[in-house]
Protein chains: 2
Amino acid sequence: MYRKIETEIVLGGGMFRSAFLKNREIYGPLCIGFDPSHQVLHSWKLSFDYKGLKDFCDILLTAVIGKVGIIKPQVAFFELYGVEGLQALKELIEIAHEQGLLVLADAKRGDIGSTAEAYGKAWLGPSSAFKADAMTVNPFLGFDALIPLIKVAEETGAGVFVVVQSSNPEGKHIRNALIGDQTLSIHLAQCICDYNIQSRVMHHNLGPIGAVIGATLGSESKDTIEQLKNSLFLVPGIGAQGGTMLQLVHQFPQSLWQNVIPSVSRSITDAGRNIVDLKNVINDFAEQAQSTLMSCQSLSMP
Amino acid sequence: MYRKIETEIVLGGGMFRSAFLKNREIYGPLCIGFDPSHQVLHSWKLSFDYKGLKDFCDILLTAVIGKVGIIKPQVAFFELYGVEGLQALKELIEIAHEQGLLVLADAKRGDIGSTAEAYGKAWLGPSSAFKADAMTVNPFLGFDALIPLIKVAEETGAGVFVVVQSSNPEGKHIRNALIGDQTLSIHLAQCICDYNIQSRVMHHNLGPIGAVIGATLGSESKDTIEQLKNSLFLVPGIGAQGGTMLQLVHQFPQSLWQNVIPSVSRSITDAGRNIVDLKNVINDFAEQAQSTLMSCQSLSMP
């Protein structure tokens, strides 16, 4: 259905970050979430099955191509449809790659030791089952328990984004729990920073491990963000969930703006399935992201 | 390959717990993990693909049937093989059900709101994609963020096991982080207990939410376990990971022994692929579990 484009995607060998930085030069930093929830499929008059998912992905991809450089499928909404849903996700990733898009699987996987490694091998890099370029992971069983997964990312050139500070209110107790005199979020941020510093695959001062930081946290995330000098930030929650691009400028210090990947999901799909409408709303967010977050890039790019 | 047995599996309508209690009367409480890691498939001389997974499941199921009432596939080791791996898992669950076994998917899924609900709908109950009878979940984004998933469990009669206190050393900082003057583990245990008390689907004083408590924690888990009067406990880590059935007798107060589901994985598959050897080692663990944990059942059964 899509013409295979000829630009080379640089993957393998520590290259998620370089590919992201390259795509960002063309399209800006915006990431578009692919969230085919029942609610969205229903409002788009699509069926709750493989066919509906495929149509959803085709429509949204058509609108996204040429507007952004990275997409973030929410794995839960594909897994909801079982084996067929995951087949549709696998095909989405393949087609997105053919179009030069990077794919960050929002899988929030997390487990101990060999099991975490298995999740890494399932998702990350061109020889994995799903071939994502990066994934989100859950550190509840300990940051160090994720290291076997992080090693897979380093070997395959993929990115890992640890959920450090989500912005949902239900998570507040846990992200602010104290380890010594530090919050859990700050503890995780320090673990990431320390790991990145000693990683053999630094790229433009960015280590292999990124951080997920909610867009609506405002000053609550200040101390955590300050620890993260050498990581990309995946920042979901822009748009329908309450975050705005302008808030990000206040949430992140200027020196780190260039590391922010703002992500929009529901506000895009709420526009409906009409391609022109979708392109317009994607354009608006992409331009906002480009202008607000990139304004200082020429000053602070390494 | 297997003859469909005629005993009725009681599922739907809040029935994971009743089906577990019924199976336990016949087989005792032991749960067998299905962990087809690369290491195990290699040592069993099986291929790293759908065929290898199917053979692994067939062999282990043959050894398990008639010995235990519940199995726990580790989802990571199926997801490792992508869509085909998850197809093999789906088929394992179907065949296990035909044999009267309950299936607890060790998926450790966790996310916020609608996404958590999607994971519940993907995994739990007879109308879900994978049709598991219960699943493990990860509470890092807040206990309350799991409630949409728990509601799915209540509606479909499935079980949910929240990771409360894992026994891996890397998790110690996080599970002991303080919320007020309580550890995160105790906080989660209280959330579970409170939810179970008000749940409309109590069964024999057991609520729909169970807790995962590592087998090697010993007295470190005492205060957490004390909060959990009305939940089943999934207790992994017996055998190769260092826990023994005898330790459980000291770890759990006698009044709660009847709620413990000890789970063995690697110690079973380490016996190799010979059916007789597998049956022997399963028998040994099943008898240990039966005699050590059930000795007080006649006194304390509700």
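Residues numbered from 1 in each chain as written. Chains lettered and ligands numbered in written order. Predicted model: local features only at pLDDT ≥ 70, side-chain atom pairs only at ≥ 80, totals over all residues. Heavy atoms only, no water.

## A short note on the domain arrangement of chain A
All names here are of chain A.
- Here chain A is partitioned into domain 1 (29-105 + 266-286) and domain 2 (110-264).
- Each partner contributes to the interface: domain 1 provides 23 residues, whereas domain 2 provides 21 residues.
- Contact between domain 1 and domain 2 buries roughly 1,800 Å² in total, counting both sides, with carbon and sulfur atoms accounting for 67%.
- Of all residues in domain 1, Leu-104, Ala-105 and Arg-266 bury the most surface against domain 2, accounting for 27% of the area lost on that side.
- Counting across the interface, domain 1 meets domain 2 through 0 salt bridges. (Domains from an automatic or database assignment. Contact = heavy atoms within 4.5 Å. Buried area = accessible area lost by both parts, 1.4 Å probe. Salt bridge = Lys/Arg side-chain N within 4 Å of Asp/Glu carboxyl O.)

## Quick look at the interface of chain A and chain B
- Each partner contributes residues to the interface: chain A has 52 residues there, and chain B has 52 residues.
- Contact between chain A and chain B buries roughly 4,100 Å² in total, counting both sides, with carbon and sulfur atoms accounting for 68%.
- Across the chain A-chain B interface, the total number found is 4 salt bridges.
- In this assembly, chain A and chain B are joined by 18 residue pairs in polar contact (both at pLDDT 80 or more).
- Mapped by element, the contributors of at least two residues to the side of chain A that touches chain B are helix H4 (75-79), helix H5 (82-98), strand E3 (102-109), helix H6 (113-123), strand E5 (159-165), helix H8 (172-175), strand E6 (178-179) and helix H9 (184-198) of chain A.
- The dominant element in the side of chain A that touches chain B, judged by the number of residues it contributes, is H6 of chain A, at 7 residues.
- Of the residues assigned to the side of chain A that touches chain B, the class counts are 28 nonpolar, 15 polar and 9 charged. (Polar contact = N/O pair within 3.5 Å; in protein donor to acceptor, adjacent residues only side chain to side chain. Helix = DSSP H or I, 4+ residues; strand = E, 2+ residues; numbered from the N terminus. Nonpolar A, V, L, I, M, F, W, Y, C, P; charged D, E, K, R; others polar.)

## Points about the sheet that holds E5 of chain A
Residue and element names in this part refer to chain A.
- Reading around the circumference, E1-E2-E3-E4-E5-E8-E9-E10 is the order of the 8 strands in this closed barrel, with parallel pairing throughout. Taking each pair of neighbouring strands and ignoring which way they run, the sheet shows an average axis angle of 30 degrees.
- The pairing of strand E9 (residues 233-238) with strand E10 (residues 260-264) spans 5 bridges and is classified as parallel. For Phe-233, the partnering residue across the bridge sits in E10 and is Val-260.
- Sheet contacts for H5: strand E1 (31-34), strand E2 (70-73) and E3; angle to E2, the most-contacted strand, approximately 180 degrees.
- Its contacts with the sheet put helix H13 (residues 275-294) on E1, E9 and E10, and the angle it makes with E10 is roughly 160 degrees. (Pairing = 2+ DSSP bridges. Axes fitted to C-alpha atoms, helices over the stretch in contact; angles between N-to-C directions.)

## Topic: the nonpolar core
- Within the largest apolar cluster, 218 residues are counted, with the highest numbers of intra-cluster contacts made by Trp-123 and Phe-233 of chain A together with Trp-123 and Phe-233 of chain B.
- Non-local contacts of Phe-233 of chain B, meaning those with residues more than four positions away in its chain, are made with Phe-161, Ala-211, Ile-213, Ile-225, Leu-228, Phe-252, Leu-256, Asn-259, Val-260 and Ile-261 of chain B. (Core = buried A, V, L, I, M, F, W, Y, C linked by side-chain atoms within 4.5 Å. Buried < 20%, exposed > 50% of the residue type's maximum accessible area, 1.4 Å probe, protein only.)

## A few points about the side chain of Gln-251 of chain B
- Looking at the element boundaries, Gln-251 of chain B is found in helix H11 (residues 245-251).
- Ignoring any residue separated from it by four or fewer positions in sequence, one finds Gln-251 of chain B in contact with Ile-213, Gly-214, Ala-215, Leu-217, Gly-218, Ser-221 and Ile-225 of chain B.

## Some thoughts on the relation of the copies chain A and chain B
- With an RMSD of 0.0 Å, the fit of chain A onto chain B corresponds to turning through 180 degrees and sliding 0.0 Å along the axis. The transformation just described matches what one would write down for a two-fold rotation axis. Nearest to the rotation axis, the C-alpha of Leu-178 of chain A is located 2.4 Å from it, this being the minimum over chain A.
- Of the residues that chain A buries at the interface, 100% are likewise interface residues in chain B, meaning the two copies contact each other through the same surface. (Least-squares fit on C-alpha atoms with pLDDT ≥ 70 in both.)

## Examining the sheet that holds strand E5 (residues 159-165) of chain B
All names here are of chain B.
- The strand order around the closed barrel formed by 8 strands is E1-E2-E3-E4-E5-E8-E9-E10, and the pairing between neighbours is parallel. With strand direction ignored, the average angle separating the axes of adjacent strands in the sheet is 30 degrees.
- Here strand E1 (residues 31-34) pairs with strand E2 (residues 70-73) via 4 bridges, running parallel. By the bridge assignment, Cys-31 is partnered in E2 with Ile-70.

## Regarding the pairing of E10 of chain A
All names here are of chain A.
- Burial analysis of E10 places 5 of its 5 residues in the buried class, which makes it a mostly covered element.
- Covered by surrounding structure in E10 are Val-260, Pro-262 and Val-264 together with Ile-261 and Ser-263, the residues of both alternating faces.
- Here 2 bridges tie E1 to E10, and the two strands are oriented parallel to one another. Residue Cys-31 lies in a different strand from E10, and its bridge partner there is Ser-263.
- Assessed by its sense of winding, the connection that carries the chain from E9 through helix H11 (residues 245-251) to E10 is right-handed. (Right-handed = clockwise from strand over helix to strand, strands pointing away.)

## Side note on the packing of aromatic side chains
- In this structure the tally under the stated criterion is 13 aromatic pairs over all chains.
- Ring geometry for Phe-34 of chain A against Phe-56 of chain A: centres 6.1 Å apart, planes inclined by 85 degrees, an arrangement best described as edge-to-face. Pair noted here: Phe-34 of chain A is in strand E1 and Phe-56 of chain A is in helix H3 (residues 50-64), with a separation of 22 residues, a long-range link. This pair shows no difference in class: Phe-34 of chain A is buried, exactly as Phe-56 of chain A is.
- With 4.9 Å between their ring centres and 65 degrees between their planes, Phe-233 of chain B and Phe-252 of chain B make a pair best called edge-to-face. (Phe/Tyr/Trp six-rings, centres within 6.5 Å; stacked < 30°, edge-to-face > 60°.)

## So, the packing of helix H3 (residues 50-64) of chain B against helix H5 (residues 82-98) of chain B
Residue and element names in this part refer to chain B.
- The interhelical angle for the contact between H3 and H5, taken along N-to-C directions, is 20 degrees, at an axis separation of 9 Å. Taken as axis vectors, H3 and H5 run roughly parallel relative to one another. Where H3 crosses over H5, the two elements pack in a sense that is right-handed. Here Tyr-50, Leu-53, Lys-54, Cys-57 and Leu-61 of H3 lie close against H5, whose contacting residues are Glu-84, Gly-85, Gln-87, Ala-88, Glu-91, Leu-92, Ile-95 and Ala-96. (Parallel < 35°, antiparallel > 145°, perpendicular 65-115°, else oblique. Left-handed = near helix turned anticlockwise from the far one by under 90°.)

## Details of the pattern of salt bridges
- What the rule picks out here adds up to 20 salt bridges over all chains.
- Between Glu-79 of chain B and Arg-109 of chain A there is a salt bridge, with its nearest N and O atoms 2.9 Å apart. Of this pair, Glu-79 of chain B sits in helix H4 (residues 75-79) while Arg-109 of chain A sits in strand E3, each in a different chain. Accessibility assignment for this pair places Glu-79 of chain B and Arg-109 of chain A in one class, buried.
- We note a salt bridge from Arg-175 of chain A to Glu-220 of chain A, for which the minimum N-O separation is 3.3 Å. One end of the pair, Arg-175 of chain A, is in helix H8; the other, Glu-220 of chain A, is in the loop between strand E8 (209-213) and helix H10 (222-226), and 45 residues separate them in sequence.
- For Arg-175 of chain A, a relative accessible area of 4% puts it in the buried group.
- If you follow the salt bridges from partner to partner, you end up with Lys-72, Asp-106 and Lys-108 of chain A together with Asp-111 of chain B in one network.

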